[in-house]
Amino acid sequence: DAKTTQPPSMDCAEGRAANLPCNHSTISGNEYVYWYRQIHSQGPQYIIHGLKNNETNEMASLIITEDRKSSTLILPHATLRDTAVYYCIVRVSVSNFGNEKLTFGTGTRLTIIP
Amino acid sequence: DVKVTQSSRYLVKRTGEKVFLECVQDMDHENMFWYRQDPGLGLRLIYFSYDVKMKEKGDIPEGYSVSREKKERFSLILESASTNQTSMYLCASRSAGTGSLSDTQYFGPGTRLTVL
């Protein structure tokens, strides 16, 4: 899996958009970008993933640059409950019996300020 | 919504005790995982299972065993708990299909185990 680089921490005002960057300059053509988050003392939670097109779901939007070397996770209207560590992961879509484990880096600790 | 539940949020055991951590998922997922998470070490895979009665070792299986008698349930067993097994234990599941969406792992809330 390609290595990712994220800022260690960020603050965002409640109600504003939170934009979390991730660099993955060594990404391969068949690797997806996944985002998970982990709220304190809870299990990780899947947010969104994409290959090369921008993606949106009920939780967030994912913007991937044209060269795929970086991406941004956008939480459009951040709330206090969005305070968490956000992990950007780049990995090949797993086959049935291969590449099973999920590996998180150190992530970005996002703090939403009231 | 996928639901993965774990039997306890917090557990305190003594050294040498046998410990059972239970995980149940309600989405008919074939694959289930046990991880432990420690500060500075991130998420580490202990065991996973891709079918009933099937199991595969992860990166750190020593001191642990697992049981998968039913598709929805995956148990982690500490045969003789030791203080270095104090950790947050996370169970996850995913479907067996190929493709990017089936690669999504759904996690339980975690069990914080303390071994005294």
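Located above this text is the structure these notes cover.
Keep in mind that what you see is a predicted model, and the values were worked out from it rather than measured.

Draft legend 1. A look at the pattern of salt bridges. All told, the structure shown has eight salt bridges over all chains when counted by the stated rule. One salt bridge in this structure joins R37 of chain A and D82 of chain A, with 2.8 Å as the shortest N-O distance. You can see R37 of chain A sitting in strand 3 (residues 31-38) and its partner D82 of chain A sitting in the loop between strand 7 (70-75) and strand 8 (84-92), a full 45 residues away along the chain. Connected via shared salt-bridge partners are D28, E30 and K71 of chain B.

Draft legend 2. Representation of the packing of aromatic side chains within the structure. One pass over the structure, following the stated rule, counts ten aromatic pairs over all chains. For the pair Y36 of chain A and Y46 of chain A, a centre-to-centre distance of 5.9 Å together with 75° between the ring planes defines the contact as edge-to-face. With Y36 of chain A in strand 3 and Y46 of chain A in strand 4 (residues 45-50), the pair connects residues that are ten residues apart, well separated along the chain. Each member of the pair, Y36 of chain A as well as Y46 of chain A, is classed as buried. Ring plane angle 45° and centroid distance 5.5 Å describe the contact between Y36 of chain A and F104 of chain A, whose orientation is recorded as tilted. With Y36 of chain A in strand 3 and F104 of chain A in the loop between strand 8 and strand 9 (108-113), this pair connects stretches of sequence that are 68 residues apart. Neither residue differs from the other here; Y36 of chain A and F104 of chain A are each classed as buried. Aromatic rings pair up to connect Y36, Y46, Y87 and F104 of chain A together with F33, Y35, F48 and F107 of chain B into one cluster.

Draft legend 3. Representation of the sheet that holds strand 3 (residues 19-25) of chain B. Residue and element names in this part refer to chain B. Strands sit in the order 1-3-8-7 across an open sheet of four strands; the sheet is antiparallel. Among the strands making up the open sheet, the edge pair consists of strand 1 (4-6) and strand 7 (64-70). The sheet shows a mean angle of 20° between the axes of neighbouring strands, direction not considered. As paired strands, strand 3 and strand 8 (residues 73-78) are joined by six bridges and run antiparallel to one another. Bridging from a neighbouring strand, L21 pairs with L76 of strand 8.

Draft legend 4. Structural context of the state of the cysteines. All names here are of chain A. With the rule as written, the count across this model stands at two disulfides over all chains. Through a disulfide, C22 is tied to C88; the S-S separation comes to 2.1 Å. Every disulfide takes its handedness from the sign of the S-S torsion; for C22 and C88 that torsion is -80°, giving left-handed. You can see C22 sitting in strand 2 (residues 18-23) and its partner C88 sitting in strand 8, a full 66 residues away along the chain. With a relative accessible area of 2%, C88 lands in the buried category. The cysteine C12 is free of any disulfide, with C22 supplying the nearest cysteine sulfur at 18 Å.

Scoring rules and cut-offs
- Residues numbered from 1 in each chain as written.
- Chains lettered and ligands numbered in written order.
- Predicted model: local features only at pLDDT ≥ 70, side-chain atom pairs only at ≥ 80, totals over all residues.
- Heavy atoms only, no water.
- Salt bridge = Lys/Arg side-chain N within 4 Å of Asp/Glu carboxyl O.
- Helix = DSSP H or I, 4+ residues; strand = E, 2+ residues; numbered from the N terminus.
- Phe/Tyr/Trp six-rings, centres within 6.5 Å; stacked < 30°, edge-to-face > 60°.
- Buried < 20%, exposed > 50% of the residue type's maximum accessible area, 1.4 Å probe, protein only.
- Pairing = 2+ DSSP bridges.
- Axes fitted to C-alpha atoms, helices over the stretch in contact; angles between N-to-C directions.
- Disulfide = S-S within 2.5 Å.

Everything listed here is a matter of coordinates, which is why it stays silent on function.
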